[in-house]
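Listed here are the chains, written in short residue letters.
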Amino acid sequence: MAAEPPPIEFHAELDSTNAEARRRAEAGEGGPVWIATSRQTAGRGRRGRAWETGDGNLAATLLLTTDRPAAEAAQLSFVAALAAADLAEACLGPGKVSVKWPNDLLIAGRKAVGILVESGPRTDGRLWLAVGVGINLRAAPLAAERPATTFAEHMAGPPPTPEAALEVLARAFERWRGLWATQGFPAIARGWTERAHGLGQACVARLPNETLEGVAEGMDEDGALRLRLPDGSLRRITAGDVFFGDA
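All values derive from a computational prediction rather than experimental measurement.

What about the side chain of N57?
- As for its position among the elements, N57 is in the loop between β2 (33-37) and β3 (58-66).
- Within polar-contact distance, the side chain of N57 engages the backbone nitrogen of L137 at 3.0 Å.
- The residues contacting N57, other than those within four sequence positions of it, are T37, S38, I135, N136, L137, R138, A139 and P162.

Given below as structure tokens:
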């Protein structure tokens, strides 16, 4: 049975839920606590990109502390993606969502959820973690880097409120985090693979220092994407952006 989720704090407005989590962590707070808002004035995505939180959408960050090394703790980004997929399927029905490496959630091939995990050292030698999740419940961003969509666009009725969505998300996160804690990352990798977008398809991987083209073969049990290059060699992608015809 999954543990009860951490408490939730819902704010009318924040600059960024991840920024708020970082401020608290650097002041010594360890969580666990969900920090959430339906309006961010300076939301951020991966690689410092802006993340819009339009009216009726959800921005939430789980602040927690861990004894795990940073590389292992970063696996919680996949946990967050699966929790968001559970929320989306609760709203839209099964089979309507997919996850694109590493942790984008897609509906009808368009991005509906973004995830950003940040961490830092504590004075006690442990790590603080900020697991940020931004969900387009009602409004799509105006200047999206990639094709975007909302839950509302695919629902017959209204989407859940940000508060109701976070209740479901937080419980789903605890279920997957429990599996991660007891069975390790292979359990998360299996859940991710069942919902994976683009496996067996040609893609472009934009890495910090190079761009590669190949076929996505799957995810290793440490979170790396296996990319088969045209010359038959295999590359493990551990960081970067992957595009499946949606560049």
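Side note on the environment of L105
- Tracing the chain through its elements places L105 in strand β5 (residues 104-107).
- Between the alpha carbons of L105 and L234 there is a distance of 25 Å; along the sequence they are 129 residues apart.

Details of the sheet that holds strand β9 (residues 211-219)
- Read from one edge of the open sheet, five strands run β11-β10-β9-β8-β12, paired in antiparallel fashion. Unpaired on one side and paired on the other, β11 (234-237) and β12 (241-243) mark the two borders of the sheet. Sheet twist, expressed as the average angle between the axes of neighbouring strands with direction ignored, equals 45 degrees.
- Of the pairings in the sheet, the one linking strand β10 (residues 225-228) to β11 comprises four bridges and is antiparallel in character. The residue of β11 that forms the bridge with L227 is R235.

Brief notes about the nonpolar core
- Residues L105, V113, I135, F151, L169 and F173 are the most contacted members of the largest nonpolar core, which totals 58 residues.
- A total of 12 residues in this core trace back to one element, the largest contributor, which is helix α3 (residues 76-92).
- Other than its neighbours up to four places away in sequence, F173 contacts W34, L62, L76, V79, A80, A83 and V131.
- Among the nonpolar cores identified, the runner-up in size contains eight residues, and L14, A25, I35 and L63 belong to it.

Digging into unusual backbone geometry
- Here the bond from G31 into P32 is cis, since omega is 5 degrees, no more than 30 degrees from zero.
- Within the secondary structure layout, P32 lies in the loop between α1 (17-26) and β2.
- A cis geometry characterises the amide bond from W101 onward to P102, with omega recorded as 0 degrees.
- Counting through the fold element by element, P102 comes out in the loop between β4 (97-100) and β5.
- Positioned with a positive phi, A108 is a non-glycine residue whose angle comes to about 50 degrees.
- The topology assignment puts A108 in the loop between β5 and β6 (110-121).

Side note on the sheet that holds β5
- Taken in spatial order, the seven strands make up an open sheet running β1-β2-β3-β7-β6-β5-β4, and their pairing is mixed. Each of the sheet's edge strands pairs with one partner strand only, and the pair in question is β1 (8-11) and β4. Across the sheet, the axes of successive neighbouring strands diverge by a mean angle of 20 degrees, strand direction being ignored.
- With nine bridges joining them, β3 and strand β7 (residues 127-135) adopt antiparallel strand pairing. What sits directly across from T61, in β7, is G132.

Focus on the side chain of T65
- Position of T65 among the secondary structure elements: in strand β3.
- Side-chain polar atoms of T65 contact the backbone oxygen of G30, separated by 2.8 Å.
- Not counting chain neighbours up to four residues away, the residues in contact with T65 comprise G30, R122, R126, L127 and W128.

A closer look at the packing of aromatic side chains
- By the definition in use, this model includes two aromatic pairs.
- On the basis of an interplanar angle of 90 degrees and a centroid distance of 5.8 Å, the ring pair of W34 and F173 is categorised as edge-to-face. In this pair, W34 sits in strand β2 while F173 sits in helix α4 (residues 162-183), placing the two residues 139 residues apart along the sequence.
- Ring plane angle 70 degrees and centroid distance 5.3 Å describe the contact between F78 and F185, whose orientation is recorded as edge-to-face.

Some details on the packing of α3 against helix α5 (residues 185-194)
- Relative to each other, α3 and α5 sit at 40 degrees, their axes nearing to 10 Å. With respect to α5, the element α3 is oriented oblique. The hand of the α3/α5 crossing is left-handed. Contacts from F78, V79 and L82 of α3 reach α5 at F185, I188, G191 and W192.

Points about the pairing of β7
- Of all nine residues making up β7, nine are buried, and the element is well covered by its neighbours.
- Side chains of β7 alternate between two faces, with L127, L129, V131, V133 and I135 and W128, A130, G132 and G134 buried alike.
- Note: β6 against β7, nine bridges, orientation antiparallel. Looking across to β7, one finds that I115 is bridged to V133.
- Here β6 hands over to β7 after five residues, with G125 in that stretch at a positive phi of 90 degrees.

What counts, and where the lines are drawn
Residues numbered from 1 in each chain as written. Predicted model: local features only at pLDDT ≥ 70, side-chain atom pairs only at ≥ 80, totals over all residues. Heavy atoms only, no water. Helix = DSSP H or I, 4+ residues; strand = E, 2+ residues; numbered from the N terminus. Polar contact = N/O pair within 3.5 Å; in protein donor to acceptor, adjacent residues only side chain to side chain. Contact = heavy atoms within 4.5 Å. Pairing = 2+ DSSP bridges. Axes fitted to C-alpha atoms, helices over the stretch in contact; angles between N-to-C directions. Core = buried A, V, L, I, M, F, W, Y, C linked by side-chain atoms within 4.5 Å. Buried < 20%, exposed > 50% of the residue type's maximum accessible area, 1.4 Å probe, protein only. Phe/Tyr/Trp six-rings, centres within 6.5 Å; stacked < 30°, edge-to-face > 60°. Parallel < 35°, antiparallel > 145°, perpendicular 65-115°, else oblique. Left-handed = near helix turned anticlockwise from the far one by under 90°.

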